[in-house]
Amino acid sequence: MLLNYYGFNIKVETFIDKYLEKGDLKFDKNGEMYGPDCYSAFLGNPYSGDALGCYPPVIEKAMNKYLSDKGYRAVDLTGASMEYLVNRYITNNKPVVIWATMYMANPVQTYTWKVKGADKSSPYKDGDTCEWLANEHCMLLTGYDKDYYYLHDPLDSTHTAYEKQIFEERFAQMGRCAVVIDKII
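Residues numbered from 1 in each chain as written. Predicted model: local features only at pLDDT ≥ 70, side-chain atom pairs only at ≥ 80, totals over all residues. Heavy atoms only, no water.

An account of the pattern of salt bridges is needed here, citing residue identities and associated values.
Within the structure shown, the criterion is met by four salt bridges. Between Asp119 and Lys61 there is a salt bridge; the shortest N-O distance is 3.1 Å. One end of the pair, Asp119, is in the loop between strand 7 (108–115) and strand 8 (129–134); the other, Lys61, is in helix 3 (residues 56–67), with 58 residues separating them in the sequence. In this structure, Lys146 engages Asp147 in a salt bridge whose closest nitrogen and oxygen atoms are separated by 3.6 Å. (Salt bridge = Lys/Arg side-chain N within 4 Å of Asp/Glu carboxyl O. Helix = DSSP H or I, 4+ residues; strand = E, 2+ residues; numbered from the N terminus.)

Give me the sheet that holds strand 6 (residues 96–101): which residues, what numbers.
The strand order across the open sheet built from six strands is 5-12-6-9-10-11, with neighbouring strands paired in antiparallel fashion. In this open sheet, the two edge strands, each paired with only one partner strand, are strand 5 (72–76) and strand 11 (158–163). Strand-to-strand, the axes of this sheet are offset by a mean angle of 35 degrees, without reference to chain direction. Judged from the four bridges that link them, strand 9 (residues 136–144) and strand 10 (residues 148–153) form a sheet pairing that is antiparallel. By the bridge assignment, Tyr144 is partnered in strand 10 with Tyr149. (Pairing = 2+ DSSP bridges. Axes fitted to C-alpha atoms, helices over the stretch in contact; angles between N-to-C directions.)

Limitation: the analysis is restricted to geometry and does not speak to function.
So this is what it looks like as structure tokens:
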């Protein structure tokens, strides 16, 4: 959605198939789960409802592969406050990819596994234990008013309003993760 907003004619399937780093979790001979962490690869099949997902470094890297010769770059702004994102980007009509939860449900820690194949951009190292928060969800923040944030939600392809308080809580619980696209000057 963000690439399309900037006028790039790329289909979701093309982005997934050509640019997105993907990985799977496996079991060793002792039955322990291992694989890449969620900062290194999209975990599972992106076309499946059973996939886990990924965090900003994976999306930033995939977008930058696509944008490499187009005069733009993706930037991981994880840790930025909602106030910063709104004042710097939303008020300037620049949408922001953000991580919160599906329908603002509580995040729930589900899977844990040993990391194998950590990317250099990951906070994890091989051998660390990675934890997954279920209900993780990525959306496109497009606007706000006094009471709500407005997001394009790929779950149901709608423009959805979420109350500011619950949205900010979920955004914080998911690590204040955000990615933007900036023009290269």
